[in-house]
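Residue-level structural notes
Chain by chain, the residues:
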Amino acid sequence: MKKLFLLLIICLSLLSNLHANNNDNIFGLPERALEFGFNFNLLFSNNYLTIAEVLKRTIVINLDDLKKGLKVNIGAGFTPFYFYQNKTTWGWGVSVDIDAQGFLGLSGNMLTLSEANKDKSEVGGAVFVSAAIDSFSYINSFKFKFKPAAFFTAAFIKPDISYTFLNSEDGTRVNIVYDLHVYSAFPMNDFPNNFVITGSPGLDISMGLEYHLSKEIGLSEILPFLDFSLGIDLINIPIIPSSLTDYMRMEGMIGSNDPFYVIGNTGGLGDFVTSLGNSNPVYSYGKKRIELRRPFKALVWAVWKPFFGTNFIVVKPVLGFSYSTLHIEPLSFEGGLNVGVNLLNMLVFRAGINYVDRLWINSLDFTFSLKLFQLDVGVDLRSTEFIEIWKTSGVGLRVGVRFGW
């Protein structure tokens, strides 16, 4: 029970995701000379059940829908503190962030007991704690952004789950084999009696470049509705990886061992059903050094101000990719379109359709800003499939508070 409880705590910590505060103010609110604050978010998404169905007393499961697999993201994150100083041509700030993410992807063949051979499922996540220095400066007409960050990996899940269902002349062979490594920054076999930090921190940098192209070539002076800037962001460029050495391993099998259980032989179907209930996992502890890097992203974007170059309406398309070793397929497309409306430099409404972190996200954000105080609130609908977004199978909530002058 102690092992299961500890594993549950770690998994709940891993199944989260936090986006750190972004000091870029492309939607036109007046900049503060000094600013500090905090933010947090919560999220949940899946590709099967809607929120209304989850809240029902009786959940109806359609086996046909399970053929496409089950994908779940659950998250909660917190930025406890950030500070920023802004001047006309330069600015800098510091922040402490918890950036965590987790996911579950179960094979559709396994969920529907379809025929397959070593069909892979994935479950994983990582928790990163970071401290960063965020800065920008103008050189001629270019705005440069530079953000080095020291990060520490608190926990990491490395799974190996395979499902086999094979028919042959001898009968039907079935098993689910799992081998789960939970790495942590401290030994878990004697926690909390012997708490020693064994992980080591890493270093990465983020940088960006922005150029007000239409102004520099004189286009916005001739056609004011064609006022636009172009930019590129490189996020989490790896320099020094973080490392973990201590792990807890949970391994086992549901079904039969190698050679696969054959229903047509031995005790038949009865013994096979019994074997499904005898899958007690085996726990072990060990040390093996692994290197970890935060997910890398490369994004190109444009900011278009069609209302005569003012901030009343701002349109921002984004296109790029991410690379994360947390997933079986590390490379993923990212992109989207965001629109902001600024009212009297006090109220900003933003709406977006984006594909981020392997999820389609339809977002709506609201900002209320005074000189000394600002409140940011955002909600979104999210799903792994674009056509499923409006079914409320996934939601996100963001809240941020800023103070300054």
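In this report, the structure presented in the accompanying data block is examined. (Residues numbered from 1 in each chain as written. Predicted model: local features only at pLDDT ≥ 70, side-chain atom pairs only at ≥ 80, totals over all residues. Heavy atoms only, no water.)

1. Focus: the overall build of the chain
Secondary structure summary: the chain contains six helices and 18 strands in total. When burial is assessed residue by residue, the chain has 45% of its 405 residues classed as buried. Pairs at least 24 apart in sequence give 67% of the contacts found in the chain among residues at least 6 apart. When the accessible surface of the chain is summed, it comes to about 21,000 Å², and 66% of that surface belongs to carbon and sulfur atoms. (Helix = DSSP H or I, 4+ residues; strand = E, 2+ residues; numbered from the N terminus. Buried < 20%, exposed > 50% of the residue type's maximum accessible area, 1.4 Å probe, protein only. Contact = heavy atoms within 4.5 Å. Areas by Shrake-Rupley, 256 points an atom, 1.4 Å probe, with all protein chains shown as cover.)

2. Observations concerning the pattern of salt bridges
Under the defined criterion, the tally for this structure stands at 16 salt bridges. For the salt bridge of E251 with R249, the shortest nitrogen-to-oxygen distance reads 3.4 Å. Residues E334 and K297 are paired through a salt bridge, measuring 3.4 Å at the closest nitrogen-oxygen approach. Within this pair, whereas E334 is found in strand 14 (residues 331–343), its partner K297 is found in strand 12 (residues 296–305), the two being separated by 37 residues in sequence. E334 gets classed as buried once you look at its relative accessible area, which sits at 3%. With relative accessibility at 13%, the residue K297 sits in the buried group. (Salt bridge = Lys/Arg side-chain N within 4 Å of Asp/Glu carboxyl O.)

3. Things to note about the side chain of N47
Secondary-structure assignment places N47 in the loop between strand 1 (34–46) and helix 2 (51–55). Looking at N47, its side chain comes within polar contact range of the main-chain oxygen of G69, at 3.1 Å. Setting aside residues no more than four positions away along its own chain, N47 makes contact with K68, G69, L70, K71 and T384. (Polar contact = N/O pair within 3.5 Å; in protein donor to acceptor, adjacent residues only side chain to side chain.)

4. Some details on empty space enclosed by the protein
As enumerated under the stated definition, the model contains two cavities of 30 Å³ or more in all. The volume enclosed by the second largest cavity comes to roughly 40 Å³. As for the second largest cavity, its lining consists of F151, L203, D204, N236, P238, I239, I240, P241, R293 and R294. Mapped onto the lining of the second largest cavity, the elements with two or more residues apiece are strand 8 (202–211) and strand 9 (227–240). Here the element with the most residues in the lining of the second largest cavity is strand 9; it accounts for four residues. Class assignment of the residues belonging to the lining of the second largest cavity gives a composition of six nonpolar, one polar and three charged. (1 Å grid on protein atoms, 1.4 Å probe; cavity = no way out; pocket = protein on both sides within 12 Å on 5 of 7 lines; lining within 4 Å. Points joined across faces, edges and corners; volume = space filled by probe spheres on them. Nonpolar A, V, L, I, M, F, W, Y, C, P; charged D, E, K, R; others polar.)

5. Side note on unusual backbone geometry
Positive phi is not limited to glycine here, since L113 has a value of about 50°. Relative to the elements of secondary structure, L113 occurs in the loop between helix 3 (108–111) and strand 4 (116–139). For L113, a relative accessible area of 54% puts it in the exposed group. With phi around 50°, D357 is a residue other than glycine that occupies positive phi space. Within the secondary structure, D357 is located in the loop between strand 15 (347–356) and strand 16 (359–369). D357 sits in the partly exposed class, given a relative accessible area of 27%.

6. Here we look at the environment of N354
Summarising the element assignment, N354 is placed in strand 15. Classification of N354 by relative accessible area gives buried; the value is 10%. Through-space distance from the C-alpha of N354 to that of L337 is 6.2 Å; in sequence the pair is 17 residues apart. Filtering out sequence-adjacent residues up to four positions away, N354 remains in contact with G335, G336, L337, N338, L359, W360 and I361. Side-chain polar atoms of N354 contact the side chain of N338, separated by 2.9 Å.

7. Some remarks on a nonpolar patch on the surface
A surface patch of nonpolar side chains, about 800 Å² in accessible area, is lined by F36, F38, F78, F81, I98, V129, L372, F403 and W405. Contributing elements (two or more residues each) for the nonpolar patch: strand 1 and strand 2 (70–86). Structurally, W405 can be placed in the segment after strand 18 (394–404). Take W405: its relative accessible area is 48%, and that puts it in the partly exposed class. (Patch = residues over 30% accessible without salt bridge, like charges linked within 9 Å, V, L, I, M, F, W, Y side chains within 5 Å.)

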